[in-house]
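# Geometric and topological summary
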Amino acid sequence: MTDVDPVQRLLRTARDDARDESFRVTGVMMQYYVVCKRELWFHSRHIEIDRGNSAIVRGTHIDETAYSDKRRHVSIDSTIAIDVLDDGRVMEVKPSSALVEPAKLQLLYYLWYLKHVVGVEKSGVLAHPTERKREDVELTDETEQKVEDAIRGVHEIIARGSPPPASKKPVCDSCAYHDFCWSC
Amino acid sequence: MDRNYHIFSDGCLERHNDTVRLVTLDDEKKYLPIEKAEAIYLHGQIDYNTRLISFLNKHGTALHIFGWKDYYAGSVMPKRGQTSGRTLVEQVRAYDSPAQRTDIARKFVDGSIHNMRANVSYYNSRGHDFDSELASLDAAGARLTETTAVEEIMGVEATARRAYYSTFDSILPDGFVFNGRRYNPPTNEVNSLISFGNSLVYANVVSGIRATALDPAVSFLHEPGERRYSLALDIADLFKPLLADRVTFRLLNRQQLTPADFETDLNSCLLTEHGRKTFSKAFEETLEQTVEHPRLNRKVSYQYLLRIEAYKLKKHLLTGEEYVPFKRWW
């Protein structure tokens, strides 16, 4: 494991049948990497979240109901769960555009994974149905670099023995880990 | 916040369409709002079947069963939503490390002493003179830092609890004598109330622990599995003064419970059904009381404090961040 680039390691293990679980990166991990690294660490330890949290309930509901006639859920390698539109583009649905950067990285990671692991090149669209907004997302040299840096960053965080310390952010208030994180 | 439902009548509890129905012996039907139910407490003789258990399981609702003499008889807990092997591994590892185990055990006792002291100090400022008991509690607390073994920590806890219990006879109204803790079965009214109250605290802690992936049988202060869910015993000790004891004092001092609410047998004294109803109603009201939480920046119910305690312990075990026991701060 020494000195192997996490990106190369992830690609090798993802293409292999006997996947190395410790190198698996999911879409939600990419998202957490941008939103909150402490949350990413909790998630990597399978610390359960409060499923009754209103933001989670809302997000799940929107994901399950929006554009249901036009998109198909596809799970690949039980690592990424994407929605494919009629026209072949990959769609990611988010309740609000408040956290657009993390959502974009998640979608870019899906496109990257499809290209490098599965071998198909797709373009993506990020949608905020409640705001009637859509944004096209494409993989470029620059965004591929961003994805790969994030994969390295994710591995660095989850390899730590303890989580990064808590720091107060605006998103904390709606986070499903809020009480777990802030009760001392 | 999710609620607890207490059933005192005899009869049958069943799933009826998409809700839970109680049919009493005189054929009266009552419906329980399952969506809001954290747990159902059975105090009477109730029949139920597997269909009900599957249904409660689906809603994550626990069933706590209360017997007669020993009060708490057992629980039917919902299947875990999520299990976490890592949490259990870390929990056992902490138990197995003498330094870490004594550290956690000491924290539990430190918190307990603080919370007992809060009650004594409250009555000390209301016409009682408990200076020497407060001094004993403080001395016990100071001794805690020197302890190196769990038995010593247990010893400190016992000393503190004796000092604490010695104040009860002055706090309680005339006609009620405590005269030290006796259980299995309780020998007088006060002991009977404390037993019942403690078993309600205990059952609520069991529910709180279940919200995490902690194993309720792996404990730090009490020996694991020594008696039922020993981790619940560890955590319940922190909350008994706040929940069980304060309700006991209040009900007796306001004469909401009188000698008529107890049945005295050869060498036991137990609450009547009416007495249990009165107590659990006051207890539930206490659980629903809220307090401003300094770190969460919102009001939380006393019941939620139990769940927070389980979160805190789990976080300590998984991250190494310090566990700070519940100490009444208001």
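Residues numbered from 1 in each chain as written. Chains lettered and ligands numbered in written order. Predicted model: local features only at pLDDT ≥ 70, side-chain atom pairs only at ≥ 80, totals over all residues. Heavy atoms only, no water.

## Digging into the overall build of chain A
Our working rule: Strands are runs of DSSP state E lasting at least 2 residues, helices are runs of H or I lasting at least 4, and numbering of each runs from the N terminus. Here's how the labels work: a residue is buried when its accessible area is under 20% of the maximum for its type, exposed when over 50%, partly exposed in between, all with a 1.4 Å probe on protein chains only. Pairs of residues are marked as contacts when any of their non-hydrogen atoms sit within 4.5 Å. The Shrake-Rupley method, run with a 1.4 Å probe sphere, supplies the accessible areas, and residue values consider only the shown protein chains as cover. By the counting rule applied here, Lys and Arg register as positive and Asp and Glu as negative, while His and the ends of each chain are not counted. The location of each charge is read from NZ of Lys, CZ of Arg, CG of Asp or CD of Glu.
Across its full length, chain A carries 7 helices and 5 strands. Along chain A, helices and strands appear, N-terminal first, in the series α-α-α-α-β-β-β-α-β-β-α-α. Judged by the C-alpha coordinates and their principal axes, chain A covers about 50 × 40 × 30 Å. Relative to its 184 residues, chain A shows a buried fraction of 49%. Long-range contacts, defined as pairs at least 24 residues apart, comprise 67% of the intrachain contacts of chain A with a sequence gap of at least 6. Roughly 9300 Å² of accessible area belongs to chain A as shown, and the carbon and sulfur atoms make up 50% of that amount. Computed over 26 positive and 31 negative side-chain charges, the inter-centroid distance for chain A is 2 Å.

## As for helix 1 (residues 6-15) of chain A
Residue and element names in this part refer to chain A. Helix 1 sits mainly inside the fold: 7 of its 10 residues count as buried. Taken together, the buried positions of helix 1 are Pro6, Val7, Arg9, Leu10, Leu11, Thr13 and Ala14. Against the buried residues of helix 1 lie helix 5 (100-118) and helix 6 (141-158).

## Description of the nonpolar core
Where we set the bar: Working definition of a nonpolar core: buried Ala, Val, Leu, Ile, Met, Phe, Trp, Tyr and Cys residues. They are joined through side-chain atoms within 4.5 Å. The start and end points of each domain follow an automatic or database-based domain assignment.
The biggest cluster of nonpolar side chains holds 126 residues, and the ones touching the most others in it are Tyr109 of chain A together with Phe239 and Leu313 of chain B. Shared between two domains, this core holds at least three residues of each, these being domain 1 (3-76) and domain 2 (85-319) of chain B. Leave out the neighbours within four places in its chain, and Phe239 of chain B touches Val201, Ala244, Leu305, Leu306, Glu309 and Phe326 of chain B. Membership of the second largest hydrophobic core comes to 15 residues, among which are Ile7, Leu13, Val20 and Phe55 of chain B.

## What to know about unusual backbone geometry
Excluding glycine, most residues fall at negative phi; most peptide bonds, likewise, are trans. All names here are of chain B. Residue Asn184 is joined to Pro185 through a cis peptide bond whose omega torsion reads -10 degrees. Mapped onto the elements of the fold, Pro185 is located in the loop between helix 6 (168-171) and helix 7 (189-210). A positive phi angle, close to 50 degrees, is found at Asn17, a residue other than glycine. Looking at where Asn17 falls in the secondary structure, it is placed in the loop between strand 2 (11-16) and strand 3 (19-24). Its identity as a non-glycine residue notwithstanding, Gln255 has a phi of 55 degrees, on the positive side. By the element assignment, Gln255 lies in the loop between helix 9 (241-253) and strand 9 (262-264). On the basis of relative accessibility, which here comes to 62%, the residue Gln255 falls in the exposed class.

## Quick notes on the sheet that holds strand 1 (residues 3-7) of chain B
Residue and element names in this part refer to chain B. Counted only if it meets this: At least two DSSP bridges between two strands are required for those strands to pair. Fitting a line to C-alpha atoms yields each axis, with helices limited to the stretch in contact; the angle taken between N-to-C directions then spans 0 to 180 degrees.
The strand order across the open sheet formed by 4 strands is 1-5-7-8, and the pairing between neighbours is mixed. Each of the sheet's edge strands pairs with one partner strand only, and the pair in question is strand 1 and strand 8 (72-76). For this sheet, the mean angle separating the axes of adjacent strands, direction not counted, is 20 degrees. In terms of strand pairing, strand 7 (residues 62-66) meets strand 8 through 4 bridges, oriented antiparallel. Note on strand 8: the bridge partner recorded for His64 is Ser75.

## Quick notes on the sheet that holds strand 5 (residues 133-137) of chain A
All names here are of chain A. Ordered in space as 1-2-3-4-5, the 5 strands form an open sheet in which the pairing is mixed. The two strands at the open ends of the sheet, each matched to only one other strand, are strand 1 (71-76) and strand 5. Averaged over all adjacent pairs, the angle separating strand axes in this sheet is 35 degrees, with direction ignored. Inspection of the sheet shows strand 4 (residues 124-128) paired to strand 5 by 5 bridges, in the antiparallel sense. Across the sheet, the residue bridging to Val125 is Asp136, located in strand 5. Here helix 4 (residues 54-65) sits on the sheet and contacts strand 1, strand 2 (80-85) and strand 3 (90-93); the angle it forms with strand 1, its principal contact strand, is near 115 degrees. Its contacts with the sheet put helix 5 on strand 1, strand 2, strand 3, strand 4 and strand 5, and the angle it makes with strand 4 is roughly 155 degrees.

## Thoughts on the domain arrangement of chain B
For an interface, size is often stated in terms of accessible area lost upon the parts coming together. Residue and element names in this part refer to chain B. Just so we agree on the cut-off: Buried area: the accessible surface (1.4 Å probe) lost by two parts on joining, summed over both. Throughout this description, the term salt bridge denotes a Lys or Arg side-chain nitrogen within 4 Å of a carboxyl oxygen of Asp or Glu. Polar contacts, as used here, are pairs of N or O atoms within 3.5 Å; protein pairs need one atom able to donate a hydrogen and one able to accept it. Residues neighboring in sequence count only if both atoms are side-chain atoms. Any residue that is not Ala, Val, Leu, Ile, Met, Phe, Trp, Tyr, Cys, Pro, Asp, Glu, Lys or Arg is counted as polar, Gly included; the first ten are nonpolar and the last four charged.
Split by domain assignment, chain B resolves into domain 1 (3-76) and domain 2 (85-319). Taking the mean C-alpha position of each, domain 1 and domain 2 sit 26 Å from one another. Taken together, the contact pairs 17 residues of domain 1 with 27 residues of domain 2. The junction of domain 1 with domain 2 conceals about 2000 Å² of combined surface from both sides, 55% of it contributed by carbon and sulfur atoms. When the buried area of domain 1 at its contact with domain 2 is split by residue, Phe8, Tyr71 and Tyr72 rank highest and sum to 36% of it. Our count for the contact surface shared by domain 1 and domain 2 stands at 2 salt bridges. Salt-bridge contacts for Glu288 lead to Arg3; the nearest nitrogen and oxygen are separated by 3.9 Å. Taken together, the connections running from domain 1 to domain 2 amount to 9 residue pairs in polar contact (both at pLDDT 80 or more). Of all the secondary-structure elements, those providing two or more residues to the side of domain 1 that touches domain 2 are strand 1, strand 5 (37-42) and strand 7. Taken together, the residues that form the side of domain 1 that touches domain 2 break down as 8 nonpolar, 5 polar and 4 charged.

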